[in-house]
Amino acid sequence: MTTASSLLSEDKFLCSICLDVFTKPVSTPCGHNFCSACIHTYWDGSDTCQCPLCKREFPQRPELQVNTVMSELAAEFKTLVQVKASTPDPQLPGTADVLCDICSEMKENAVKSCLTCLMSFCKAHLEPHQRVARLKGHTLLDPVKNFDDRVCKTHDKTTELYCRTDRAFVCVLCLKTDHKSHNVVPLEEEYEAAMAKRDKAMANIQKMTQSRYEKIAEVERSVDVSQAEAEKEKEASVQVFTDLIRSIQRSQAELVGVIEERHGAAKQKAEDLIRELRVEVAELESRSVQLEQLSQSQDHHYVLQSFPTLRSPSYANRADIGVRSDPSLEAARGAVTLLKQRVDEIMEKLPEIKMKRMREHAVDLTFDPDTAYCSLVISPDGKQVRDADTEQNLPSNPKRFETCPEVLAKEGFTAGKFYYEVQVKGNTKWLVGVVGESVDRKGNEDLSVQNGAWLIGLGEGIYIASASPNVKLTLKEKLQNVGVFVDYNKGEVSFYDVNSKSHIHSFTGSHFREKLFPYFSFENKAGAPLIITPVPQTH
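Just so it is clear, the structure is predicted and the values come from calculations on it, not from any experiment.

## Focus on the overall build of the protein
Item 1. Scanning the protein from terminus to terminus reveals 9 helices and 21 strands.
Item 2. For 539 residues, the compact-globule estimate of 2.2 N^0.38 gives 24 Å, and the C-alpha radius of gyration of the protein, at 45 Å, exceeds that figure by more than 25%.
Item 3. Out of the 539 residues in the protein, the part that is buried amounts to 32%.
Item 4. Taking contacts inside the protein between residues at least 6 apart in sequence as the whole, the part at least 24 apart equals 57%.
Item 5. For the protein, the accessible area works out to roughly 34900 Å², and carbon and sulfur atoms hold 53% of it.
Item 6. With 67 positive and 77 negative side-chain charges, the protein shows a spacing of 4 Å between the two charge centroids.

## What to know about the environment of threonine 414
Item 1. As for its placement among the helices and strands, threonine 414 is situated in the loop between strand 11 (406–408) and strand 12 (417–423).
Item 2. Judged by relative accessible area, which is 48%, threonine 414 ranks as partly exposed.
Item 3. Sequence-wise, threonine 414 and arginine 150 are 264 residues apart; in three dimensions their C-alpha atoms are separated by 79 Å.
Item 4. Ignoring any residue separated from it by four or fewer positions in sequence, one finds threonine 414 in contact with Tyr488 and Lys515.

## Concerning helix 6 (residues 187–294)
Residues lying three or four places apart along an α-helix face the same way, a consequence of the helix completing one turn every 3.6 residues.
Item 1. With 108 residues, helix 6 should reach 160 Å at 1.5 Å per residue; the first-to-last C-alpha distance of 151 Å fits that figure.
Item 2. Of all the residues in helix 6, the buried ones are Glu190, Tyr213, Ile216, Ala217, Val219, Glu220, Ala266, Ala270, Leu273, Glu280 and Leu294.

## Topic: the environment of threonine 371
Item 1. You can see threonine 371 is positioned in the loop between helix 9 (351–359) and strand 9 (376–378).
Item 2. According to the relative accessible area criterion, threonine 371 is buried, its value standing at 1%.
Item 3. Apart from residues no more than four positions distant in its own chain, threonine 371 is found in contact with Lys399, Arg400, Phe401, Glu406, Val407, Leu408 and Arg441.

## Quick look at the pairing of strand 17 (residues 481–487)
Item 1. Counting buried positions over the 7 residues of strand 17 gives 7, a clear majority of the element.
Item 2. A two-sided burial pattern is seen for strand 17, the buried positions comprising Asn481, Gly483, Phe485 and Asp487 on one face and Val482, Val484 and Val486 on the other.
Item 3. Note that strand 12 and strand 17 share 7 bridges and pair antiparallel. Looking across to strand 17, one finds that lysine 417 is bridged to aspartate 487.

## Some points on a nonpolar patch on the surface
Item 1. On the surface, Val240, Phe241 and Ile245 cluster together into a nonpolar patch covering about 270 Å² of accessible area.
Item 2. Locating isoleucine 245 in the fold gives a position in helix 6.

## Quick notes on the sheet that holds strand 10 (residues 384–387)
Item 1. If you trace the 7 strands from one edge of the open sheet to the other, you get 9-10-21-12-17-18-19, paired in antiparallel fashion. Both outer strands of the open sheet, strand 9 and strand 19 (502–507), are each paired with one neighbouring strand and no more. Strand-to-strand, the axes of this sheet are offset by a mean angle of 20°, without reference to chain direction.
Item 2. In this sheet, strand 21 (residues 530–533) lies alongside strand 10 in antiparallel orientation, the contact comprising 2 bridges. Note on strand 21: the bridge partner recorded for glutamine 384 is isoleucine 531.

## Brief notes about the sheet that holds strand 13 (residues 430–436)
Item 1. Ordered in space as 11-20-13-14-15-16, the 6 strands form an open sheet in which the pairing is antiparallel. Looking at strand neighbours, the two that pair on one side only are strand 11 and strand 16 (471–473), the edges of this open sheet. Within this sheet the neighbouring strands show an average axis-to-axis angle of 20°, counted without direction.
Item 2. Examined bridge by bridge, strand 11 and strand 20 (residues 516–522) share 3 bridges and lie antiparallel to one another. Bridge pairing links valine 407 to phenylalanine 520 in strand 20.

## Remarks on the pattern of salt bridges
Item 1. Considering all chains together, one arrives at 17 salt bridges under this definition.
Item 2. In this structure, arginine 61 and aspartate 44 form a salt bridge, with 2.8 Å as the shortest nitrogen-oxygen distance. Residue arginine 61 is found in the loop between helix 2 (36–44) and helix 3 (68–86), and its partner aspartate 44 is found in helix 2; the two are separated by 17 residues along the sequence.
Item 3. Look at aspartate 44 and you get exposed, because its relative accessible area is 57%.
Item 4. Look at the salt bridges and you will find they share partners, linking Arg164, Glu189 and Glu190 into a network.

## Overview of the nonpolar core
Item 1. One finds Trp430, Ile456, Val482, Val493 and Phe520 to be the most contacted residues of the largest nonpolar core, which totals 38 residues.
Item 2. For valine 493, the residues in contact, after removing those within four places along its chain, are Val434, Trp454, Val484, Phe485, Val486, His505, Ser506, Phe507 and Phe512.
Item 3. Residues Phe13, Val21, Trp43 and Cys51 belong to the second largest nonpolar core, which totals 22 residues.

## Section: the packing of helix 6 against helix 8 (residues 327–347)
Item 1. Where helix 6 meets helix 8, the closest approach of the two axes is 11 Å, and the angle between their N-to-C directions is 160°. Classed by the angle they form, the pair helix 6 and helix 8 counts as roughly antiparallel. Between helix 6 and helix 8 the crossing geometry is left-handed. Between helix 6 and helix 8, the residues in contact are Phe241, Leu244, Ile248, Leu255, Ile259 and Arg262 and Leu329, Ala332, Leu339, Val343 and Met347, respectively.
Item 2. Residue composition of the contact of helix 6 with helix 8, by class: 10 nonpolar, no polar and 1 charged.

## Some words on the packing of aromatic side chains
Item 1. In the structure shown here, the tally under the stated rule is 10 aromatic pairs.
Item 2. Judged by centre distance (6.3 Å) and plane angle (75°), the rings of tryptophan 43 and phenylalanine 58 are edge-to-face. Here tryptophan 43 is found in helix 2, whereas its partner phenylalanine 58 is found in the loop between helix 2 and helix 3, with 15 residues between them in sequence.
Item 3. Among the residues examined, tryptophan 43 registers a relative accessible area of 2% and is labelled buried.
Item 4. With relative accessibility at 9%, the residue phenylalanine 58 sits in the buried group.
Item 5. With 4.9 Å between their ring centres and 75° between their planes, phenylalanine 367 and phenylalanine 520 make a pair best called edge-to-face.

What counts as what
- Residues numbered from 1 in each chain as written.
- Predicted model: local features only at pLDDT ≥ 70, side-chain atom pairs only at ≥ 80, totals over all residues.
- Heavy atoms only, no water.
- Helix = DSSP H or I, 4+ residues; strand = E, 2+ residues; numbered from the N terminus.
- Rg over C-alpha atoms; globule rule 2.2 N^0.38 Å.
- Buried < 20%, exposed > 50% of the residue type's maximum accessible area, 1.4 Å probe, protein only.
- Contact = heavy atoms within 4.5 Å.
- Areas by Shrake-Rupley, 256 points an atom, 1.4 Å probe, with all protein chains shown as cover.
- Lys, Arg positive; Asp, Glu negative; His and termini not counted.
- Charge placed at Lys NZ, Arg CZ, Asp CG, Glu CD.
- Expected span 1.5 Å × (residues − 1).
- Pairing = 2+ DSSP bridges.
- Patch = residues over 30% accessible without salt bridge, like charges linked within 9 Å, V, L, I, M, F, W, Y side chains within 5 Å.
- Salt bridge = Lys/Arg side-chain N within 4 Å of Asp/Glu carboxyl O.
- Axes fitted to C-alpha atoms, helices over the stretch in contact; angles between N-to-C directions.
- Core = buried A, V, L, I, M, F, W, Y, C linked by side-chain atoms within 4.5 Å.
- Parallel < 35°, antiparallel > 145°, perpendicular 65-115°, else oblique.
- Left-handed = near helix turned anticlockwise from the far one by under 90°.
- Nonpolar A, V, L, I, M, F, W, Y, C, P; charged D, E, K, R; others polar.
- Phe/Tyr/Trp six-rings, centres within 6.5 Å; stacked < 30°, edge-to-face > 60°.

Here you go:
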């Protein structure tokens, strides 16, 4: 059976770069684990992107994700190490540095403490307790440091009893006062009961510990299985895409060859026709000269005899030359276009791929103080906004919201795609999204799609999408970071849970006719801000 020491051997949780326990461990495509910061620093300082352990090179820097299983195991290992380091070696409680109360000059360490005398004695001064009959009846213990803890503060007597009702140590006189009707037992009896519970508790702890070691082993095995399955999936996917690329490249070469072949034939035909036409032009120019000469002659007989042979000759009709549009070529191009669209659609069903492609359209936003409601305070860098819960005396501005804690971003958009992320953690009432430039800023009208606002938010513990009426959203987890993606040309606004990379809601079929601005609204008297967070760069 696998032992605990082997399961939690330290080398399994050490980063081979910094030689410390993993911090945010990530896994490379070859299956090795490193601290996220360590591996990125290692690659930043190298001309090639390779694994520090097996030296496998990658054609481009992989996009690494935190290995949650290894992260949890490393965190548990750190906790165990800290607990072990902070737990002192087992020793009898209160025995260290207890001195004899009788020694007058050079005090010796006590070997026993007497609960009757409430004093501690060295070996020499303990002798009367071992010889005198009256003292032999006293209760001796291993050296005790603080007798005050064992003396009743009310009656100044030794606490020899335990009150189970109040869970307190009491003396015999306490039975007549505060603990008269309580469940009180001798300390020895409670000690035996505690020892019995201790054995059971230790057995339970050992059982729980063993089950966790077994779970660790199971998780490690699942990681190995997952790694093997991931390798198979990766290999199969690479093979499928490789075959597809080769097939498309072959079809591309064949299609280009057909087009070039057709063009070559048309070019040859055109060159032959040009030669024929040049001959005809020369013949026509010769007849033109002869006709001109004939017009100079006064010999009627000669003119009438020569003219019929010089009239315009008849030539064959010439077919059009060129590579005409072929429906089969157009069909081939259309099929490839549809294939690309279909592959893109399927790939974007993977949340990581969808998030990565959206983040390629990330924009740098800042809150616009000219639009902020009078109780909102914007940070100097323009990335955070708080509700100060007190109205500030701000200059009048036609762009400012005047009824609710609302604010826009400075940046507006009239075309293309854009994406941003906002942290809503700690707020119990908020709205985020985009609004049209002409949105009402002075009234108290609820914002919705119908009046130029595409928003989602939280209110009264319920997530909603702003419409008339509002659409209730069902989410598995509480939102902490929201991603907003806008395709202006397609008229779509979509919202995502950044943490789980899952889709929340989309507004589709809109027709944007004015500039759109990112919109934020929240109420939080506790002070948690809304934060425009930096979007991770894609590779």
